[in-house]
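Residues per chain are reported as follows:
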Amino acid sequence: MSRSLRRGSIAAIAALAIVSLSSCAAGNTPETLEIKPDNASATLGTTLRLNNIVVVTGDESSGEHTGPANVTVNISNTGTEPAELQSITVGNGAGAVFADDKGAPLSSIVVPAGGAVLLGGSGNPSAKVASVSVNVGGFVPTAFAFKDGSKVETQAAVSPNKGLYKGWGPAAGPAAAPSKAAGSPAATTPVTTPAGATTPSGATTTPAGTH
């Protein structure tokens, strides 16, 4: 074989190797493999995104838990209209009750247009479940329903009140149902997450639409 033919063959083999390696690299990217974060996230339409969905129990590290729990989630709204979260259901129908950052009951949680709301943790509104049976360290079906009729279901991680979620679990005793004075429905108050607020995962929340 002549030198020119040998050089051509070597070049062709090298080109094929480069193409094969490029294909492997493209196939192993997070986008291609659809790698998801450990904690659940969900989207509703093109404007609502629910991130870092976790059900936080007591101080037990593992095993079955039956009792109060808190739901934490960061909801962002890139739309031009506010979104109103009306209910959260955990497991087999255990509903959460909402309260503002002072503990006053809320009938719903309003996520303002172009803003975000973080449920759970000090200084934020809360979603508390009086009693639910879950497996600590596992996952539990969790559903979010909004006023416009939209609903999303996911498998929320179940974390104990330790580590990153220390202080995010329920206080001693079950969550109280919201009380209403006669003729006075519970308030519905928009509560936004200020830019720079820190979530349990260490991520910093920013207003939606500022990516």
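Each remark here, short or long, concerns the structure printed above.
Being a predicted model, the structure only gives us computed values, none of them experimental.

Focus on the pairing of strand β8 (residues 126-136)
Look at any regular strand and the pattern is simple: side chains alternate between the two faces of the sheet.
And step 1. Summarising the sheet, strand β3 (residues 63-77) and β8 pair through 7 bridges and their orientation is antiparallel. Of the residues in β8, the one forming a bridge with H65 is V134.
And step 2. Both strand β5 (residues 94-99) and β8 contribute to a ladder of 4 bridges, which runs antiparallel. By the bridge assignment, V97 is partnered in β8 with K128.

Describing the nonpolar core
And step 1. Among the nonpolar cores identified, the biggest contains 33 residues, and V71, L85, I88, V90, L119 and F144 are the most heavily contacted of them.
And step 2. The residues contacting F144, other than those within four sequence positions of it, are L50, I53, V71, V73, L85, S87, I88, S150, K151, V152 and T154.
And step 3. Grouped together as the second largest cluster of nonpolar side chains are 5 residues, V54, V56, L118 and Y165 included.

A look at the packing of aromatic side chains
And step 1. A full pass over the atoms with the stated rule returns 1 aromatic pair.
And step 2. Aromatic pair Y165 and W168: ring centres 6.4 Å apart, planes at 80°, arrangement edge-to-face. As far as the burial class goes, Y165 and W168 line up, both buried.

Parameters at a glance
Residues numbered from 1 in each chain as written. Predicted model: local features only at pLDDT ≥ 70, side-chain atom pairs only at ≥ 80, totals over all residues. Heavy atoms only, no water. Pairing = 2+ DSSP bridges. Helix = DSSP H or I, 4+ residues; strand = E, 2+ residues; numbered from the N terminus. Core = buried A, V, L, I, M, F, W, Y, C linked by side-chain atoms within 4.5 Å. Buried < 20%, exposed > 50% of the residue type's maximum accessible area, 1.4 Å probe, protein only. Contact = heavy atoms within 4.5 Å. Phe/Tyr/Trp six-rings, centres within 6.5 Å; stacked < 30°, edge-to-face > 60°.

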